Amino acid sequence: MPRLTASTLLASGLLLVAGPASAMVKVTNETDSAWSVTFDHGTEENRHEVEPGATAQEACPNGCAVRFRGHDFVAVNGDELAIQAGVWRPVKTN
């Protein structure tokens, strides 16, 4: 059986801390109205109509801009944002 070295254990620990590869950027609409949210990946933009109480999500492993009401918020996988009443950009909730 091979010996576990300190570097192997450290690398394994870093993978656990980094989180699952399936983590995404999530935007939850906490208002009573539907809102348009755009995920801007630089060369590609994806627009979502987010109904009240619903969540839009996309993978942004290298970061992306989340646009709501014309304002951008830079996000990466694992970030959770909320659209709240009276707010002009998504609010980070995690």
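Residues numbered from 1 in each chain as written. Predicted model: local features only at pLDDT ≥ 70, side-chain atom pairs only at ≥ 80, totals over all residues. Heavy atoms only, no water.

A. Main features of the pattern of salt bridges. Summed over all chains, the structure comprises four salt bridges. Here Asp-40 ties to Arg-67 by a salt bridge, and the two come within 2.7 Å at their closest N and O atoms. Here the residue Asp-40 occupies a position in strand E2 (residues 35-40), and Arg-67 occupies one in strand E5 (residues 64-68), the gap between them amounting to 27 residues. Taken as a pair, Asp-40 and Arg-67 share a single burial class, namely buried. A salt bridge links Asp-72 to Arg-67, with the shortest nitrogen-to-oxygen separation between them at 2.9 Å. What makes Asp-72 partly exposed here is its relative accessible area of 42%. (Salt bridge = Lys/Arg side-chain N within 4 Å of Asp/Glu carboxyl O. Helix = DSSP H or I, 4+ residues; strand = E, 2+ residues; numbered from the N terminus. Buried < 20%, exposed > 50% of the residue type's maximum accessible area, 1.4 Å probe, protein only.)

B. Representation of the environment of Thr-55. You can see Thr-55 is positioned in strand E4 (residues 55-58). Among the residues examined, Thr-55 registers a relative accessible area of 42% and is labelled partly exposed. Sequence separation of Thr-55 and Ile-83 is 28 residues, and the distance between their C-alpha atoms is 9.9 Å. Apart from the residues within four sequence positions on either side, Thr-55 is in contact with Lys-26, Val-27, Thr-28 and Val-50. Within the local environment of Thr-55, its side chain forms a polar contact with the side chain of Thr-28, the two groups lying 2.9 Å apart. (Contact = heavy atoms within 4.5 Å. Polar contact = N/O pair within 3.5 Å; in protein donor to acceptor, adjacent residues only side chain to side chain.)

C. Fine view of the state of the cysteines. By the definition in use, this model includes one disulfide. There is a disulfide in this structure between Cys-60 and Cys-64, and the S-S distance comes to 2.1 Å. Torsion about the S-S bond of the Cys-60 and Cys-64 cystine: about 70 degrees, corresponding to right-handed handedness. Cys-64 carries the same exposure label as Cys-60, and that label is buried. (Disulfide = S-S within 2.5 Å.)

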